[in-house]
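Working through the structure, step by step
Residues per chain, in single letters:
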Amino acid sequence: MSLLANIQSGKENKPPRLLVYGSEGIGKAQPLDAQVLTPEGFVAMGELKVGDRVIGVDGKPRNILAIFPQGKKEVFRVHFRDGSQTECCDEHLWFTQTRGERERHQPGAVRTLNTIRRTLRYGTHFNHAVPRVAPVEFAPGAELPVSPWLLGVYLGDGNMSGCPIITNPEEDIRRRITESVDEFDATSPTEKAIRIRKRLRGHEKCIFAKALQEFDLDKCISDTKFIPERYLLASVGDRLELLRGLCDSDGYVAKPGAVEISTASAQMAKDIIFLVRSLGGSITTRTRQGRYRTPEGMKEVKLSYRLYFSFTNGIVPVASEKHTARWSEPEWTIRHSIRKVEAAGKKKCQCLVIDALDGLYVTDDFIVTHNSTFGSGAPGAIFIPTEDGLGEIDCHRFPLCRSLSEVMACLNAMRREEHSYQTLVIDSLDWLERLIFDEVCREYGVRSIEKADGGYARGYVHALTHWRKILTELDGIRNERNMAIILLAHAKIEKFEDPESSAYDRYSPRLHKHATSLISEWVDAVLFATKRFRVQKENAGFNGERAIAAPIGADGGERYLRTIGSPACVAKNRYSLPGEIPLSWEAFIAALNAAPVKK
């Protein structure tokens, strides 16, 4: 058959191949008075500095790599179902799952607050829910002087009358109290009460009494009790034991998977809320005026704080025989849904860059705020992570790849095994390049890519062989499985030597120039993610001027994609896209569908 018979015409309808790279600090903006969770507790956003650590969605510490002041921006207050709230700008990103996505068993997507505000409800239901933080790993502190469980039992059922007294009729609880202290006085004043004091009477207080005195708990009564900070910031295991002590003594399993605790202390209520949320639980609080009947009528007493909480991460907050007999896994899922968004005025803001590509960190009231990548919004996305950053977000991903062979295994599985994914995202290329360099160094028995095969930049040439193998696999995935390919990378500023003019700086992907050229030729579009600014000049004194970058837009700078290259950045596209489009998958697809067909 003649080759002329195989000539094709018309536009080839294949999924896109995209390289998306961006400068740090895009779209992450909270006011300076927002509280950010660190391994030592909450710290104001404005007090953080580069090198500090913040808590990520996986509950583990992450390093702050950079901080970018954003100036004054329009800020909104975001309210959640459980009463928690935080503030951010309108373009701040959140990972949410909508009601429609829940019904279709889809994991969710990344959305701006602006989008969330416009789609807050789905009929009569609240539409958007965010993930909860995993149990938080605080920095190790001083050793706890007494058992966390015993302290919890005392805070629920104890008082101080010369020595600590805990009143509880349950035999297993009384038995565990005796096992928790080796200075127990077997003589109880009643069948329900236990005194904790030294066996040999004397003037010296027992260890437990000393601890209560150290924390200023020895004189506290029902409406002044609290949890010492050392216990609130203890290990996950110790905090769980503290919560179990509180629940065993003063809690009630109200329904499967849910516990209720009442306290007359406003501070104790706040501390229990902190404790439950730090373990990844959902908790709400109500207040009720305490009353009792007398011959003269009803008499009001102390205000009661009623706390209801549950866990969907497998944590069991009770340990006593009575409570565990009633406990079972929750029969429903209490989602961390957004209930209201309201304007909060203009405030000075800044954004953080942490050592996770998605920029996840925990803010006010243990709320997980999510700054993700362009790829998360693509349909049916599956990530191949080469950089530890996706954490516990509800998205589909392979385990973190720590070698080139693991990346190739993931690509092989996507090409040859059965699945229903529509988009493959590699996150990120600059970390993948490190794995390639490691492989070249291993092949030539050297420690530096500069020394591979005798040096003289031969290592970078050999790295291209591995890049071509990766692109071949990606081609197979795109052609055989009809999947879109999104490659994510960070940006760098490079000096570009222009033969027709003087050299200038421009943004480019954070890759070696040989890899940048090869990948840029292979993809259908190189898109640069940035923010819109205008440069203003102001008098700096002594006849001098200085340039100030001011964000354009009421929200402090619009996020967008540049699709056409310029002296400022590397970019291109084969789709006749407009020069600039909003930074979202939906906007890209809309622009792609509206683009004129090339002839």
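Residue numbering note: each chain is counted from 1, following its sequence as written. The predicted nature of this model means local features are confined to residues of pLDDT at least 70 and side-chain atom pairs, given and counted, to a pLDDT of 80 or more, with totals for whole chains, interfaces and linings taken over all residues. Side-chain metrics in this entry use all non-hydrogen atoms of the structure; hydrogen atoms and water are not considered.

1. Section: the overall build of the protein chain
Working definition: helices are DSSP H or I runs of at least four residues, strands are E runs of at least two. Numbering for both runs from the N terminus. Across its full length, the protein chain holds 14 helices and 33 strands. Remark: exposure states derive from per-residue accessible area (1.4 Å probe, protein chains only) relative to the maximum for the residue type, with buried under 20%, exposed over 50%, and partly exposed in between. Residues counted as buried form 52% of the 599 residues belonging to the protein chain. Contacts in the protein chain between residues at least 24 apart in sequence constitute 67% of all its contacts with a sequence separation of at least 6. For the protein chain, the exposed area adds up to about 29,000 Å²; of that, 49% sits on carbon and sulfur atoms. In what follows, residue pairs with any heavy atoms lying within 4.5 Å of each other are defined as contacts. Under the convention used here, a 1.4 Å probe and the Shrake-Rupley method define accessible areas, while residue burial counts only the protein chains that appear.

2. What to know about the sheet that holds strand β13 (residues 158-161)
Pairing in this open sheet of three strands is antiparallel, and the strands run β13-β14-β15 from one edge to the other. The strands lining the two open edges of the sheet, one partner per strand, are β13 and β15 (193-195). Strand-to-strand twist across the sheet, computed as the mean angle between neighbouring axes with direction ignored, equals 30°. In the packing of helix α3 (residues 148-157) onto the sheet, the strands contacted are β13 and β14 (163-167), and the crossing angle to β14 comes to about 75°. We call two strands paired when DSSP finds no fewer than two bridges between them. An axis is simply a line fitted to the C-alpha atoms; with a helix, the fit covers only the stretch in contact. Between two such axes, the angle follows the N-to-C directions and lies from 0 to 180 degrees.

3. Focus: the packing of aromatic side chains
For Phe, Tyr and Trp, rings pair up if their centres lie within 6.5 Å, where Trp contributes its six-membered ring, and each pair is then called stacked (planes under 30 degrees apart), edge-to-face (over 60) or tilted (otherwise). Under the definition given, this model contains eleven aromatic pairs. For the pair tyrosine 21 and phenylalanine 528, a centre-to-centre distance of 5.0 Å together with 35° between the ring planes defines the contact as tilted. In this pair, tyrosine 21 sits in strand β1 (residues 17-22) while phenylalanine 528 sits in strand β28 (residues 525-531), placing the two residues 507 residues apart along the sequence. A single burial state applies to tyrosine 21 and to phenylalanine 528, both of which are buried. Its guanidinium or amino end placed over the ring of tryptophan 149, arginine 176 lies 4.2 Å from that ring's centre, counting from NZ or CZ. Both a distance and an angle decide whether a charge sits over a ring: NZ of Lys or CZ of Arg must be within 6 Å of the ring centre and within 35 degrees of the ring normal.

4. Overview of the nonpolar core
The nonpolar core is taken to be a set of buried Ala, Val, Leu, Ile, Met, Phe, Trp, Tyr and Cys residues, with the residues joined through side-chain atoms within 4.5 Å. Ranked by internal contacts, the top residues of the largest apolar core, which has 61 residues, are Ile177, Ile227, Ile272 and Phe309. Counting residues per element, this core draws most heavily on helix α8 (residues 266-278), which supplies seven residues. Not counting residues within four places of it along the chain, the set of residues in contact with phenylalanine 309 comprises Leu243, Cys247, Gly257, Ala258, Val259, Ile261, Val276, Ser282, Ile283 and Pro317. Counting 46 residues, the second largest nonpolar core, distinct from the first, contains Val407, Phe437, Ile519 and Cys569.

5. Some thoughts on empty space enclosed by the protein
Which parts of space are left empty comes out when a probe the size of a water molecule is rolled across the atoms. A pocket, in this scheme, is an open set of points on a 1 Å grid over the protein atoms alone with protein on both sides within 12 Å along at least 5 of 7 lines, while a cavity is a set where a 1.4 Å probe fits but cannot get out; residues line either one if an atom lies within 4 Å of a point. Grid points are joined across faces, edges and corners, and a volume is the space filled by probe spheres set on the points. Enumeration over the complete set of coordinates arrives at three cavities of 30 Å³ or more. Size it by volume and the largest cavity reaches roughly 70 Å³. Lining the largest cavity are Asp82, Arg132, Val133, Arg277, Gly280, Gly281, His336, Asp365 and Phe366. Residues of the lining of the largest cavity, tallied by class, amount to two nonpolar, three polar and four charged. Gly counts as polar in this scheme, as do all residues outside two lists: the nonpolar Ala, Val, Leu, Ile, Met, Phe, Trp, Tyr, Cys and Pro, and the charged Asp, Glu, Lys and Arg.

6. Notes on the state of the cysteines
Only a pair of cysteine sulfur atoms within 2.5 Å qualifies as a disulfide here. Enumeration over the complete set of coordinates arrives at zero disulfides. Cysteine 88 forms no disulfide, and the closest cysteine sulfur to it belongs to cysteine 89, at a distance of 6.0 Å.

7. Topic: the confidence of the model for the protein chain
Per-residue confidence from the predictor is reported as pLDDT, a score between 0 and 100. When pLDDT is averaged across the protein chain, the result is 83; 83% of the residues are at 70 or more. Segment residues 546-557: pLDDT under 50, and 37 contacts once partners within four positions in sequence are set aside and those in other chains are kept.

8. Some words on helix α11 (residues 429-444)
Three- or four-residue spacings in an α-helix give side chains the same orientation, since the helix completes a turn every 3.6 residues. Under the convention used throughout, the expected extent of a helix is 1.5 Å for every residue step, that is, one less than its residue count. Here α11 spans 23 Å end to end across 16 residues, near enough to the 22 Å set by a 1.5 Å rise per residue. For α11, every residue scored as buried is listed here: Leu429, Asp430, Leu432, Glu433, Leu435, Ile436, Phe437, Glu439, Val440 and Cys441. In this fold, the buried residues of α11 make contact with β1, α10 (404-416), β25 (423-427), α12 (458-481), β26 (484-496) and α13 (513-522). Count one or two residues on from α11 and you reach glycine 445, which has phi positive near 65°.

9. Brief notes about helix α4 (residues 171-180)
Of the positions making up α4, those classed as buried are Asp172, Ile173, Arg174 and Ile177. Residues of α4 that are buried make contact with α3, β14, β15, α7 (236-250) and α9 (321-326).

10. A closer look at the environment of lysine 270
Along the polypeptide, lysine 270 turns up in helix α8. Taking C-alpha positions, lysine 270 is 9.3 Å from isoleucine 227, a pair spaced 43 residues apart along the chain.

11. A few points about the pairing of β13
Bridging between β13 and β14 involves four bridges; their strand directions are antiparallel. When the sheet's bridge partners are listed, serine 161 is paired in β14 with cysteine 163. Hairpin connection from β13 to β14: one residue lie between these consecutive antiparallel strands, with glycine 162 at a positive phi of about 85°.

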